[in-house]
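# Descriptive structure summary
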Amino acid sequence: MDTTRMRTGAATSPDRRQDRASIDARLRALTIAAAVAGAAGVTGFGFLAAQGTTTAATAATEAIVTTGSTGSTATSETTAATAAPVLQATPGAVAAGSGPGQVTTGGS
Amino acid sequence: MTAEAIWRALGTTVHLLVADGHPAIARDAVEATLARVDATYSRFRPDSELSRLHALPGETVRVSDLLVRAIGDALRAAAATDGLVDPTVGRAVRATGYDADFASVPGRVAMAPGLGRGTVPLATPPGPVVRIESVPGWRAVRLDSAARTIKLPHGVELDLGSTGKALAAELAAGAAAERLGPGAGVLVSLGGDIAVSGRTPPGGWQVAVGEDSSADPLDLDEVVSLASGGMATSSTTIRRWRHDGVDVNHIVDPRTGAPAAGPWRTATVVALTCTEANAAATAAIIRGADAPAWLASLGLPSRLVGVDGSVVRLGGWPGPATGTLRPAVAGRRRLAGARPETTTTLSPATPHPERTAA
């Protein structure tokens with residue numbers, strides 16, 4: 001699967017607050033990188049649908065560059081890497097029933 | 001207005017619900033999709049594209065978009081479940097005796113051919129044993145989606161029965177909704193693996209939750225409303241048989257090559273897609289004791305039934321007290337007995353009249 005691997009510059013924060021900010025920025029970037037994987041055309045498994053992915057990929061790449069900055073020069077590169085896909089939930093997809101069952105789920 | 005149709009395909013029951021659309025048009029689209037699926041990746045048809053692929057081990061084979069999609073989804077399911085839902089269990093599944101359409105499998109006692117890599121006791125010694133096949137592992141499959149090529153090493157057989165059925169439900173629901181156009185909603189259930197597409201009816205699709213997908217939904221007390229995504233159930237209670245004197249089921253643990261034998265007999269999961277829900281439900285059965293923690297970490301609404309019948313709900317799965325109980329009016333019950341092939345129109349005012357066979 002194509003995905004994006006972020007690489008930042010070798011910045012060293014002068015205090016712990018800056019270190020934490022750097023980590024947070026990297027986590028945000030990695031989250032966005034997962035979206036880029038979907039934007040690369042992979043459908044299903046929690047990734048973005050193919051529709052509109054070009055825009056999403058562009059925005060995500062820009063965001064990686066932005067959030068990857070920790071006070072020194074930051075770089076990003078897109079490489080072919082293997083990342084485990086994630087099984088994703090859809091918030092609000094299931095709720096208590098509001099009527100008699102129309103269909104049954106179960107083993108077959 | 002909701003209409004429904006029920007028939008058999010792919011060795012299981014197809015249940016189609018159509019909201020505000022022509023049911024015949026939807027059924028045509030579903031049937032065409034399932035026929036394409038069967039011709040592409042059935043492991044029971046010698047003329048399927050998958051069977052032809054199996055006949056060319058070690059070769060790079062150019063295949064159809066649908067087979068690329070099906071195998072790609074299966075490999076992604078393997079990656080997302082730490083390899084617990086592994087399409088390369090084909091030989092292992094066959095070794096347990098499940099080597100034909102399931103209708104002809106129950107009660108099989110004959111030895112499957114070509115076995116012998118090992119034996120694992122599935123009962124307390126000196127009880128019976130079942131021969132198993134080791135599982136090559138999903139990483140052995142070489143899939144190039146862009147080039148639409150696949151290379152299977154020698155000895156690797158794919159069984160897409162898990163994610164493949166869920167994918168078929170997704171494709172069928174999508175095809176039907178597309179044919180019907182805007183404003184219509186479609187639910188397709190293939191043996192309890194449920195995909196929805198198009199407009200969601202007010203209040204959502206009402207899904208009765210049980211352990212046997214052939215059960216009449218009006219006979220089940222627990223009902224949930226599905227608004228989007230997919231729902232799937234994996235269970236060791238239905239598709240099981242005796243092989244060489246041992247009770248076995250169709251869910252193979254790729255770590256051992258033997259049928260799953262953990263603390264959960266049924267798992268139902270809701271996820272973004274039916275395929276993901278299926279992968280999670282199957283992995284939960286195989287994963288065993290830590291399945292609740294794993295499902296919770298993913299935030300997947302899930303319902304697990306233990307081998308002792310106890311039920312665990314997690315990840316936002318609604319509690320039983322808030323579900324809708326079965327109708328008490330006898331006249332609203334469906335026809336008793338086996339569910340015949342039917343096409344019925346259900347009016348909104350009386351959502352479940354007694355239906356008649358078409």
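Above this text is the structure in question.
Anyway, here's the lowdown on the structure attached to this text. (Residues numbered from 1 in each chain as written. Chains lettered and ligands numbered in written order. Predicted model: local features only at pLDDT ≥ 70, side-chain atom pairs only at ≥ 80, totals over all residues. Heavy atoms only, no water.)

### A word on the overall build of chain B
Our working rule: Each helix is a run of DSSP H or I of at least 4 residues and each strand a run of E of at least 2, with the numbering of both proceeding from the N terminus. The cut-offs for exposure are 20% and 50% of the maximum accessible area for each residue type, with area from a 1.4 Å probe on protein chains only; residues under the lower value are buried, those over the upper are exposed, and the others partly exposed. In what follows, residue pairs with any heavy atoms lying within 4.5 Å of each other are defined as contacts. Where accessible areas are quoted, they stem from the Shrake-Rupley method and a 1.4 Å probe; at the residue level, only the protein chains shown are allowed to cover.
A count of helical and extended segments in chain B gives seven helices and 20 strands. A burial count over chain B gives 54% of its 358 residues as buried. A fraction of 62% describes how many contacts in chain B between residues 6 or more apart in sequence connect residues 24 or more apart. About 13,800 Å² of surface is accessible on chain B, with carbon and sulfur atoms providing 55% of the total.

### Observations concerning the pairing of strand E8 (residues 185-190) of chain B
Residues and elements named next belong to chain B. This is how it is decided: Strands were regarded as paired on the criterion that DSSP finds at least two bridges between them.
Summarising burial for E8: six of the six residues are buried, a large majority. Burial of the side chains of E8 extends over both faces: Gly 185, Leu 187 and Ser 189 are buried on one face and Val 186, Val 188 and Leu 190 on the other. In this structure, strand E2 (residues 12-19) lies alongside E8, joined through six bridges in antiparallel fashion. Considered in E8, the bridge of Leu 17 is made with Leu 187. With six bridges joining them, E8 and strand E9 (residues 193-198) adopt antiparallel strand pairing. Of the residues in E9, the one forming a bridge with Ser 189 is Ile 194.

### What to know about the sheet that holds strand E10 (residues 205-212) of chain B
Quick note on the threshold: Whenever a helix is involved, its axis is fitted only over the stretch in contact; in every case the axis is a line through C-alpha atoms, and angles between N-to-C directions fall within 0 to 180 degrees.
On the basis of which strands lie adjacent, the open sheet formed by four strands has the order E3(A)-E11(B)-E10(B)-E4(A) and mixed pairing. One side of each edge strand has no neighbouring strand; the edge strands of this open sheet are strand E3 (94-96) and strand E4 (103-107) of chain A. Each adjacent strand pair in this sheet contributes to an overall mean axis angle of 40°, direction not counted. As paired strands, E4 of chain A and E10 of chain B are joined by four bridges and run parallel to one another.

### A few points about the interface of chain B and chain A
Note the cut-off: The buried area of a pairing is the accessible area, by a 1.4 Å probe, that goes missing from both parts when the two are put together, added over both. By salt bridge we mean one thing: a side-chain nitrogen of Lys or Arg within 4 Å of a carboxyl oxygen of Asp or Glu. Think of a polar contact as two N or O atoms within 3.5 Å of one another; within protein, one of them needs to be a possible hydrogen donor and the other a possible acceptor, and neighboring residues in sequence only count if both atoms come from side chains. Charged means Asp, Glu, Lys or Arg here, nonpolar means Ala, Val, Leu, Ile, Met, Phe, Trp, Tyr, Cys or Pro, and polar covers whatever is left, Gly included.
Contact residues are listed per partner, giving 68 residues for chain B and 30 residues for chain A. Across the chain B/chain A interface, buried area totals approximately 3,700 Å², and carbon plus sulfur atoms make up 58% of it. Three residues, Arg 76, Gln 206 and Glu 276 of chain B, lead the burial of chain B against chain A; their summed loss comes to 18% of the area buried on that side. At the surface where chain B touches chain A, the tally comes to zero salt bridges. In this structure, the connection of chain B to chain A is made through 20 residue pairs in polar contact (both at pLDDT 80 or more). Looking at the side of chain B that touches chain A, the element that brings in the most residues is E10 of chain B, giving eight residues. Split by residue class, the side of chain B that touches chain A holds 32 nonpolar, 24 polar and twelve charged.

### Overview of the packing of helix H1 (residues 23-41) of chain B against helix H3 (residues 65-80) of chain B
Residue and element names in this part refer to chain B. Rules: With respect to orientation, any angle under 35 degrees is reported as roughly parallel, any angle over 145 as roughly antiparallel, any angle of 65 to 115 as roughly perpendicular, and every other angle as oblique.
For the pair H1 and H3, interaxial distance at closest approach is 10 Å and the crossing angle is 75°. With respect to H3, the axis of H1 lies roughly perpendicular. Packed against H1, whose contacting residues are Arg 36, Val 37, Thr 40 and Tyr 41, the element H3 presents Leu 66, Leu 67 and Ala 70 at the interface. Looking at the contact of H1 with H3 residue by residue, the class counts come to five nonpolar, one polar and one charged.

### A look at the environment of Val 196 of chain B
Residues and elements named next belong to chain B. Here Val 196 lies in strand E9. Exposure remark for Val 196: the relative accessible area of 18% places this residue in the buried category. When the C-alpha positions of Val 196 and Glu 59 are compared, they lie 37 Å apart, and in sequence the two are 137 residues distant. Setting aside residues up to four positions removed in sequence, Val 196 forms contacts with Ala 173, Val 186, Leu 187, Trp 205, Leu 226, Ala 227, Ser 228 and Gly 229.

### Quick word on the packing of H1 of chain B against helix H5 (residues 161-180) of chain B
Helix packing geometry: the angle between the two helix axes and the distance between the axes. Residues and elements named next belong to chain B. Stated formally: Crossing handedness is read from the near helix: turned anticlockwise from the far helix by less than a right angle, it gives a left-handed crossing, and turned clockwise, a right-handed one.
Contact pair H1 / H5: the axes reach a minimum separation of 8 Å and the direction vectors enclose 145°. Our pair here, H1 against H5, has a crossing hand that is right-handed. In this structure, H1 uses Ile 25, Ala 26, Asp 28, Ala 29, Val 30, Thr 33, Leu 34, Val 37 and Tyr 41 to contact H5, whose residues at the interface are Gly 164, Leu 167, Ala 168, Leu 171, Ala 172, Ala 175, Ala 176, Arg 179 and Leu 180. Its residues assigned to classes, the contact of H1 with H5 shows 14 nonpolar, two polar and two charged.

### Quick look at the nonpolar core
Residue and element names in this part refer to chain B. Short version of the rule: Take the buried residues of types Ala, Val, Leu, Ile, Met, Phe, Trp, Tyr and Cys, join any two whose side-chain atoms come within 4.5 Å, and each joined set is a nonpolar core.
Formed by 47 residues in total, the largest nonpolar core has its most connected members in Val 30, Tyr 41, Ile 71, Leu 160 and Val 188. Secondary structure elements with two or more residues in this core: strand E1 (2-9), E2, H1, helix H2 (49-54), H3, H5 and E8. With residues near it in sequence (within four places) discarded, Tyr 41 still touches Leu 50, Leu 66, Leu 67, Ala 70, Leu 160, Gly 164, Leu 167 and Ala 168.

### Details of the side chain of Asp 193 of chain B
Residue and element names in this part refer to chain B. Put simply, the test is: In this tally Asp and Glu are treated as negative and Lys and Arg as positive; neither His nor the chain ends contributes.
Checked against the element boundaries, Asp 193 lands in strand E9. Buried and unpaired, Asp 193 has no salt bridge, with Lys 165 as the nearest side chain of opposite charge at 4.0 Å. Separated by 2.7 Å, the side chains of Asp 193 and Asn 278 make a polar contact. Those residues in contact with Asp 193 that sit more than four places away from it in its chain are Ser 162, Lys 165, Ala 166, Ala 169, Val 188, Met 231, Ala 232, Thr 233, Cys 274 and Asn 278.

### Quick look at the packing of aromatic side chains
Heads up, the rule is: What counts as a ring pair is set by centres within 6.5 Å for rings of Phe, Tyr and Trp (its six-membered ring), and what kind of pair is set by the plane angle: stacked under 30 degrees, edge-to-face over 60, tilted for all other angles. A ring is scored as having a charge over it whenever the NZ atom of a lysine or the CZ atom of an arginine sits within 6 Å of its centre and within 35 degrees of its normal.
On inspection of all chains with the given rule, the structure shows zero aromatic pairs over all chains. The ring centre of Trp 7 of chain B lies 4.1 Å from the NZ or CZ of Arg 27 of chain B, which sits over that ring.

### As for the environment of Val 224 of chain B
When you line up the elements, Val 224 of chain B lands in strand E11 (residues 223-226). Val 224 of chain B sits in the buried class, given a relative accessible area of 1%. Each residue touching Val 224 of chain B, except ones within four places of it in the same chain, is listed here: Val 94, Ala 95, Ala 96 and Gly 97 of chain A together with Trp 205, Gln 206, Val 207, Val 209, Met 231, Trp 317 and Pro 318 of chain B.

### Description of the pattern of salt bridges
Residues and elements named next belong to chain B. Tallied over the entire structure, the rule returns 15 salt bridges over all chains. The partner of Asp 82 in a salt bridge is Arg 287, and the shortest N-O contact between them spans 3.1 Å. One end of the pair, Asp 82, is in the loop between H3 and helix H4 (90-95); the other, Arg 287, is in helix H6 (residues 274-287), with 205 residues separating them in the sequence. When its relative accessible area of 17% is taken as the criterion, Arg 287 is described as buried. Across the pair Asp 253 and Arg 255 runs a salt bridge, and its minimum N-O distance is 2.9 Å. For Arg 255, a relative accessible area of 54% gives the class exposed. The structure contains a network of salt bridges with shared partners spanning Arg 69, Asp 73, Arg 76 and Glu 170.

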